[in-house]
Amino acid sequence: MSESVLVIMEQRAGAWNRMSLETLAAGQKLAAELGHSVAAAVPGRGVAALASELALKKLDCVYAVDHELLADYTADGYTAALDQLIRKVQPSLVLFPHTYQVRDLAPKLATRFHQALISDVIGIRAEGGPVFVRQLFQGKLNADVRPGGPAPYFVSIQAGAFNADNVASGTAPLETFTPELTASVIRQRPEEPFRESTGAVDLTTAEIIVSVGRGIKEKDNIPIVAELAQALGGELAATRPVCDSGWLPIERQVGSSGQTVAPKVYIAVGISGAIQHLLGMKGSKTIVAINKDANAPIFEVADYGIVGDLFEVVPAMVEEVKSCTVLQR
Amino acid sequence: MKIVVCIKQVPSRDSVLRVNAAGTWIQDADLTYEINEPDAYALEEGLQLKEKQGGEVVALCAGPAGAAQTIREALAKGADRALHIEEENLGAYDPLALARLMAAALTAEKPDLVLTGLQSDDLGYGQTGVILAQLLGVPHATIIMQVEKQEGGIRVKRELEDGWFQHVEMPLPALLTIQSGINKLRYATLMGIKKAKTKEVKRLTAAELGVAPEATIRFARIYLPEKSKHTQILEGAPKEAAAKLVEKLKFEARVL
C-alpha cells in the first residue's frame, strides 16, 4: 500500500462546497508532515471542468470520478463509486469535508473497509503517525484519536478547522475514473433539492443580537432576554434546541441550520456553544458570553464573558443599559 | 410495521465534566444520565408511525446496567418492548464494533424500519446508524425531518445545508437517522409508567452476540480544549459584572 492521502471533494451543480477546499488544505498539510503523496478526487456527472481546476493545485494526481448515475447524490451510488476508486488508488488516508452528504456516505464507505470514520476532526498532528483531534460532549472536551488496524483510515474535517486560502497551487496529472455502476445497486430515489423560506426575520442586518440557548430553561423565561434585546435596540435570536422546543420561532435560529450572522455585538445568553451554533455567529465583531459553566465552549470564541447565573446577570444588565441610555438623553 | 428505535444513555446535558486521572475518559461515577436527545426524537417518530400504521416499536439500547432507567422511560412513553445489550465496558468498542453488536441483536428481529438519532451528545461521531444500515444490508438516509409511509416503501425529507431540503424515496426495510426537532416530544403518562413495569426487556451480552470488543479508532488522550482566544472574564457579583459589561459595550464595542 502506497503512503498517500486521498481527498474526496464535494460539489453540487458544478460548484465546490467550500469545506472541500478547506479539506484539501488539510490534506496537503497532513501529507507534507507525514511525507505522503496527496491526490484529490471529485465524484459526479460531468465533473471534467472541476477536475481541471484541481489539476492546478499542488497534488500528485487528480481523479474525475465520472458516471451518469452519479448525477444526483445517493448514498448507494457514491459509496459504490468511491469504494472502487479507493481499491484502485490504495491510499493510506481518505479525507472528507464533514458535510451533511459526507455524514450520509462516509461511515458506510468506511464500514466496507472494516474501519470507523474519525469524524468531525478539528486538528491534525503528525506524531509518529497521524493524530486527529476531535470534540466530545458538544465541544466541552477534546480527544486525540489514533487510527488502528489495516489502512485506509477515514477522516472527516470540521467546517472552519482549516483555511481554504492555504491550498497550494501547482500542476497535477488528471485521470478520469469511470466506476462500474448499475442502476439496480442504487436503492434511494432522490428528488430535486428545495429551499424552505426561513420567514420574515432577517437577522443578518442587525447590529446587535441577543441570542438565547437552552440555559433559559423554559419558554416562560424568554421575556427576560427579550427585554435585554429591546433595551439594547437589538434583535432576539436563539439556538436550534430553543427553536426545536417551540420557545422561539425557527426564523430566529442562528447556526449551521439557521441564519449566519456577523453583527457588531453578539450576546450569547445561556448558550454552551455547540459547533453547529458557533458556525452561525463566530464572525461577529464582538462576542459576549453569559454562562454559568466556565468551561462552556462558547468562551472559546467570546471577547467578554460573565460566568454566572443568567437570571441574575441579564436583569442587572437591563437596569444598567436603561440607566446608561437615560443619562445620554 | 415493526420499528426498532436505537437509544443511547448519555451524561445529562448540564453535567460538569472532569477528565479522569489517566486522561482516558471522564470521571463518570457521580454523573446523572438521560436519553441522548436526538434519540428521543427518533423514539417519538417511531411511536407516531406506529400510531398511524399499526405494528410494534422495539427499543434497542447498548449500555451498562444503569441504562435500564433510560429503557424504562422509553417503555413508559409507549415502546412495546426492549432489547438491552448490557455491557459495562462499551468504551472498548468503537462505533463499528458497537454497530456490529446492534446488528447481531437485530438478526432475529427483522425490523421493517430502524430509527436512530443523528448523533450522540457525548461522542458525537454521528455514524452508528449509517454503519448499522450497511451491516444490515438495508438502504438508509440521514438527518431526516419527515417520514411518510408509502406503498412498498417510505418517502423522507432529508435536511441539507443552508436551509435546503430534499425528498428521498426508498424501499423497506430501511434505516433512518432522525434530526432533533422533527416532532414534538411527548411526556410519559402515569398509566404509561405503570405499564412499563410489566413490559419485556430482553437482556443480551456481547458474549452471547459473539462480538468481541474492538476498536480500530482509539482515544489516545482526553483533555479540556486550550483556549485559542483570550476571553476577558468580567468578575464580580452579577450587578457589578453587568455594569462592567455595559461599560465595555459603550466604550469599546461602541454600540450604546
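Residues numbered from 1 in each chain as written. Chains lettered and ligands numbered in written order. Predicted model: local features only at pLDDT ≥ 70, side-chain atom pairs only at ≥ 80, totals over all residues. Heavy atoms only, no water.

### Notes on the overall build of chain A
Line of reasoning, step 1. Assigned secondary structure in chain A consists of nine helices and 18 strands.
Line of reasoning, step 2. Referenced to the eigenvectors of the C-alpha coordinate spread, the extents of chain A come out at roughly 70 × 45 × 35 Å.
Line of reasoning, step 3. Per-residue burial over chain A gives 60% buried out of 329 residues.
Line of reasoning, step 4. By sequence separation, contacts in chain A at least 24 residues apart represent 64% of the contacts at least 6 residues apart.
Line of reasoning, step 5. Separation between the mean location of the 29 positive side-chain charges and that of the 36 negative ones in chain A comes to 2 Å. (Helix = DSSP H or I, 4+ residues; strand = E, 2+ residues; numbered from the N terminus. Buried < 20%, exposed > 50% of the residue type's maximum accessible area, 1.4 Å probe, protein only. Contact = heavy atoms within 4.5 Å. Lys, Arg positive; Asp, Glu negative; His and termini not counted. Charge placed at Lys NZ, Arg CZ, Asp CG, Glu CD.)

### Some remarks on the pattern of salt bridges
Line of reasoning, step 1. Taken as a whole and judged by the stated rule, the model has 36 salt bridges over all chains.
Line of reasoning, step 2. Ionic pairing is found between Arg146 of chain A and Glu127 of chain A, a salt bridge with its closest N-O pair at 4.0 Å. Highlighted residues: Arg146 of chain A in strand 9 (residues 141-147) and Glu127 of chain A in the loop between strand 7 (117-126) and strand 8 (130-136), separated in sequence by 19 residues.
Line of reasoning, step 3. A relative accessible area of 31% means that Arg146 of chain A is categorised as partly exposed.
Line of reasoning, step 4. With relative accessibility at 38%, the residue Glu127 of chain A sits in the partly exposed group.
Line of reasoning, step 5. Among the charged side chains, a salt-bridge network with shared partners connects Arg125, Glu127, Asp144 and Arg146 of chain A together with Arg221 of chain B. (Salt bridge = Lys/Arg side-chain N within 4 Å of Asp/Glu carboxyl O.)

### Considerations on helix 3 (residues 95-106) of chain B
Line of reasoning, step 1. Here helix 3 of chain B spans 16 Å end to end across 12 residues, near enough to the 16 Å set by a 1.5 Å rise per residue.
Line of reasoning, step 2. For helix 3 of chain B, every residue scored as buried is listed here: Pro95, Leu96, Ala97, Leu98, Ala99, Leu101, Met102, Ala103, Ala105 and Leu106 of chain B. (Expected span 1.5 Å × (residues − 1).)

### Some thoughts on the interface of chain B and chain A
In many reports, interface size means the accessible area that the parts give up when they come together.
Line of reasoning, step 1. Of the residues lining the interface, 87 residues belong to chain B; the matching set on chain A comes to 80 residues.
Line of reasoning, step 2. In this structure, the connection of chain B to chain A is made through six salt bridges.
Line of reasoning, step 3. One salt bridge connects Glu159 of chain B with Arg240 of chain A, and the closest N-O pair in it is separated by 3.2 Å.
Line of reasoning, step 4. With 10 residues, the top contributor of residues to the side of chain B that touches chain A is helix 7 (residues 238-251) of chain B.

### Section: the packing of helix 4 (residues 100-112) of chain A against helix 4 (residues 128-136) of chain B
Line of reasoning, step 1. Interaxial distance between helix 4 of chain A and helix 4 of chain B falls to 8 Å at its minimum, and their mutual angle equals 50°. Between helix 4 of chain A and helix 4 of chain B, the interaxial angle falls into the category oblique. The interaxial crossing formed by helix 4 of chain A with helix 4 of chain B has right-handed handedness. Of the residues in helix 4 of chain B, those touching helix 4 of chain A at Arg103, Asp104, Pro107, Lys108, Thr111 and Arg112 of chain A are Val130, Ile131, Gln134 and Leu135 of chain B. (Axes fitted to C-alpha atoms, helices over the stretch in contact; angles between N-to-C directions. Parallel < 35°, antiparallel > 145°, perpendicular 65-115°, else oblique. Left-handed = near helix turned anticlockwise from the far one by under 90°.)

### Looking at the packing of helix 3 (residues 75-89) of chain A against helix 4 of chain A
All names here are of chain A.
Line of reasoning, step 1. Where helix 3 meets helix 4, the axes come as close as 9 Å, and the angle between the chain directions of the two elements is 50°. Viewed along their axes, helix 3 and helix 4 adopt a mutual orientation that is oblique. The element helix 3 and its partner helix 4 pack so that their crossing is right-handed. Two secondary-structure elements touch here, helix 3 through Ala75, Asp76, Tyr78, Thr79, Ala80, Leu82, Asp83, Ile86 and Arg87 and helix 4 through Gln101, Asp104, Leu105, Lys108, Leu109 and Arg112.
Line of reasoning, step 2. Residue composition of the contact of helix 3 with helix 4, by class: seven nonpolar, two polar and six charged. (Nonpolar A, V, L, I, M, F, W, Y, C, P; charged D, E, K, R; others polar.)

### A word on the sheet that holds strand 8 of chain A
Line of reasoning, step 1. The 10 strands lie next to each other as 11(A)-5(A)-4(A)-1(A)-6(A)-10(A)-7(A)-8(A)-9(A)-12(B), forming an open sheet whose pairing is mixed. Sheet topology places strand 11 (174-177) of chain A together with strand 12 (217-223) of chain B at the edges, where each strand pairs with a single neighbour. Strand after strand, the sheet turns through a mean of 35° between neighbouring axes, direction not considered.
Line of reasoning, step 2. On the sheet, helix 1 (residues 18-34) of chain A packs against strand 1 (4-8), strand 4 (37-44), strand 6 (93-97), strand 7, strand 8 and strand 10 (153-157) of chain A and is oriented at approximately 155° with respect to strand 6 of chain A.
Line of reasoning, step 3. Lying on the sheet, helix 4 of chain A is in contact with strand 6, strand 7 and strand 10 of chain A; it crosses strand 6 of chain A at an angle near 165°. (Pairing = 2+ DSSP bridges.)

### Focus: the confidence of the model for chain B
Line of reasoning, step 1. Residues with a pLDDT of 70 or more make up 100% of chain B, whose mean pLDDT is 94.
Line of reasoning, step 2. Predicted complex, confidence summary: ipTM 0.93, pTM 0.92. (pLDDT = per-residue confidence, 0-100.)

### So, the sheet that holds strand 16 (residues 265-269) of chain A
Line of reasoning, step 1. Pairing within the open sheet is parallel, and its six strands lie in the order 15(A)-14(A)-16(A)-17(A)-18(A)-13(B). Only two strands of the sheet have a single partner each, and these edge strands are strand 15 (235-238) of chain A together with strand 13 (232-233) of chain B.
Line of reasoning, step 2. With four bridges connecting them, strand 14 (residues 208-212) of chain A and strand 15 of chain A associate as parallel partners. The partner of Ser211 of chain A across the bridge, within strand 15 of chain A, is Ala237 of chain A.
Line of reasoning, step 3. The strands that helix 5 (residues 222-232) of chain A touches are strand 14, strand 15 and strand 16 of chain A; relative to strand 14 of chain A, the one it contacts most, it runs at about 175°.

### Some remarks on the domain arrangement of chain A
Residues and elements named next belong to chain A.
Line of reasoning, step 1. Parsing chain A into structural domains produces domain 1 (4-185) and domain 2 (203-328).
Line of reasoning, step 2. Relative to domain 2, the C-alpha centre of domain 1 lies at a distance of 36 Å.
Line of reasoning, step 3. Taken together, the two surfaces of domain 1 and domain 2 that pack against each other cover about 600 Å², and 54% of this comes from carbon and sulfur.
Line of reasoning, step 4. Run the count over domain 1 and domain 2 and you get zero salt bridges.
Line of reasoning, step 5. Applying the counting criterion to the domain 1 and domain 2 interface returns zero residue pairs in polar contact (both at pLDDT 80 or more).
Line of reasoning, step 6. In terms of residue class, the side of domain 1 that touches domain 2 is built from two nonpolar, five polar and two charged. (Domains from an automatic or database assignment. Buried area = accessible area lost by both parts, 1.4 Å probe. Polar contact = N/O pair within 3.5 Å; in protein donor to acceptor, adjacent residues only side chain to side chain.)

### Considerations on the side chain of Ser119 of chain A
Line of reasoning, step 1. Tracing the sequence through the fold places Ser119 of chain A in strand 7.
Line of reasoning, step 2. Residue contacts for Ser119 of chain A: discarding those within four places in its chain leaves His98, Arg134 and Ser156 of chain A together with Gly124, Tyr125 and Gln127 of chain B.

### What to know about the packing of aromatic side chains
Line of reasoning, step 1. With the rule as written, the count across this model stands at five aromatic pairs over all chains.
Line of reasoning, step 2. For Arg12 of chain A, the ring lying beneath its charged end belongs to Trp164 of chain B, and the centroid distance is 4.9 Å.
Line of reasoning, step 3. Just above the ring of Phe165 of chain B sits the side chain of Lys157 of chain B; from NZ or CZ to the centre is 4.6 Å. (Phe/Tyr/Trp six-rings, centres within 6.5 Å; stacked < 30°, edge-to-face > 60°. Lys NZ or Arg CZ within 6 Å of the ring centre and 35° of its normal.)

### A closer look at the state of the cysteines
Line of reasoning, step 1. Scanning the entire structure with this criterion turns up zero disulfides over all chains.
Line of reasoning, step 2. As a non-bridged cysteine, Cys6 of chain B has Cys61 of chain B as the owner of its nearest cysteine sulfur, 9.4 Å distant. (Disulfide = S-S within 2.5 Å.)

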